[in-house]
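The lines below spell out each chain.
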Amino acid sequence: MKILTFDTEEWYIEKSLNGGRKERYCQYDELLEWILHTLEKNDIKATFFCVGQLAVEFPEVVRKIADKGHEIGSHSNRHLWVNKMIRREFEEDTYIAIQEIENLIGQKVKSFRAPAFSIGKDNDWAFEVLAENGIKYDCSVFPANRDFGGFPQFTSSVPSLLKKGDYTLNEFPICPATLLGKNVPFSGGGYFRLVPLWLQKKFVNNMNYVMFYFHINDLVDQNSKLMTRREFEEYYKEPGTLKNRITRYVKTNIGKGGALNKLDTLLGNYSFCNVQQAAESIDWSKQPLIEL
Ligand SMILES: [Zn+2]
């Protein structure tokens with residue numbers, strides 16, 4: 001089972017951080033066009049996790065994706081890290097995002113992914129909030145350490161029943177591959193750009209479950225500028241020292257040129273499904289149960 005997902009917030013982030021530069025909107029429009037066309041050509045339905053404010057400020061973007069029959073999930077309302085919020089803030093954020101998206105597309109939102117995989121051990125109450133808001137499928141668990149999130153204590157990297165309090169969710173974690181005895185994430189973001197195509201294929205061929213995750217920005221084929229201290233601090237909520245900014249800059253840009261080509265090859269060579277299709281095809285009684 002190979003699941004294809006896109007986290008979708010670029011237009012909204014561009015507007016709120018940079019005032020909305022035309023050339024950036026054009027670039028994102030073009031990439032989205034390419035993605036939708038390539039999916040259609042290969043008869044693939046993906047899940048697009050959209051921020052609620054994208055539905056408010058750029059409804060045509062969300063509508064265009066939904067009109068092609070792809071699943072629209074929630075990627076929070078304003079792309080704020082869940083581990084920087086208190087429960088009440090996350091409740092409000094989740095409610096608004098789902099309302100805005102459902103109002104626009106006229107369909108229930110069942111799937112969710114937290115920005116930057118920012119649900120972990122210390123804020124696992126977030127799963128209760130998601131269930132209370134009608135989310136059935138969560139894709140927020142990154143079962144390893146990350147810069148701004150991650151859930152290294154989560155012991156499963158296959159689809160699992162996640163039990164928290166009175167609630168049960170279907171969890172689709174990110175799946176690291178095993179290489180020389182080590183766990184290696186490869187199926188999205190910076191990792192996708194770094195791992196060469198031959199190795200991507202080797203991993204995919206050897207695994208029963210793969211969760212691919214992209215931001216459109218991961219596929220942008222040109223160097224972005226170094227963020228200013230203010231932009232960095234607003235976005236990452238971390239000190240915008242030159243070292244921190246350069247580290248993020250390098251991580252974001254390495255290998256970008258080849259990402260689109262790699263994705264194109266994978267989409268042409270394997271069959272993919274979206275989160276909802278995957279959830280409906282799984283016999284959940286046979287999957288691991290993770291109680292938090
Ligand atoms: Zn995101």
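Refer to the structure presented above.
Residues numbered from 1 in each chain as written. Predicted model: local features only at pLDDT ≥ 70, side-chain atom pairs only at ≥ 80, totals over all residues. Heavy atoms only, no water.

Asks: Give a description of the packing of helix α1 (residues 10-18) against helix α2 (residues 22-41) that names residues and reports values.
Replies: Interaxial distance between α1 and α2 falls to 10 Å at its minimum, and their mutual angle equals 175 degrees. Judged by the angle between their axes, α1 and α2 are roughly antiparallel. For the pair α1 and α2, the contacting residues are Glu10, Trp11, Glu14 and Lys15 in the first and Arg24, Tyr25, Tyr28, Asp29 and Leu32 in the second. (Axes fitted to C-alpha atoms, helices over the stretch in contact; angles between N-to-C directions. Helix = DSSP H or I, 4+ residues; strand = E, 2+ residues; numbered from the N terminus. Parallel < 35°, antiparallel > 145°, perpendicular 65-115°, else oblique. Contact = heavy atoms within 4.5 Å.)

Asks: Residues and numbers for the side chain of Thr94, please.
Replies: Secondary-structure assignment places Thr94 in helix α5 (residues 87-105). According to the relative accessible area criterion, Thr94 is buried, its value standing at 2%. Leaving out residues up to four positions away in the same chain, Thr94 has contacts with Val129, Leu130 and Asn133. (Buried < 20%, exposed > 50% of the residue type's maximum accessible area, 1.4 Å probe, protein only.)

Asks: I'd like to hear about the coordination of the zinc ion, residue by residue, with values.
Replies: Note on the zinc ion: its protein donors are Glu9 (OE), Glu9 (OE), His75 (NE2), His79 (NE2) and His215 (NE2). The metal-donor distances range over 2.0 to 2.8 Å. Mapped onto the sequence, the donors of the zinc ion take the spacing E-x65-H-x3-H-x135-H. Taken together, the residues span a long stretch of sequence, with His79 in the loop between β3 (71-74) and α5 and His215 in strand β10 (residues 210-215) at a distance of 136 residues. Each of the two residues, His79 as well as His215, counts as buried. (Donors = N, O, S within 2.8 Å, 3.2 Å for Na, K, Ca; no water.)

Asks: Residue-level account of unusual backbone geometry, with values.
Replies: One non-glycine residue, Phe117, adopts positive backbone phi at about 50 degrees. Tracing the chain through its elements places Phe117 in the loop between β4 (111-112) and α6 (126-132). Using a relative accessible area of 4% as the deciding quantity, one classes Phe117 as buried. Unlike most non-glycine residues, Leu180 shows phi in positive territory, near 50 degrees. With respect to the element layout, Leu180 can be found in the loop between β8 (177-179) and β9 (182-184).

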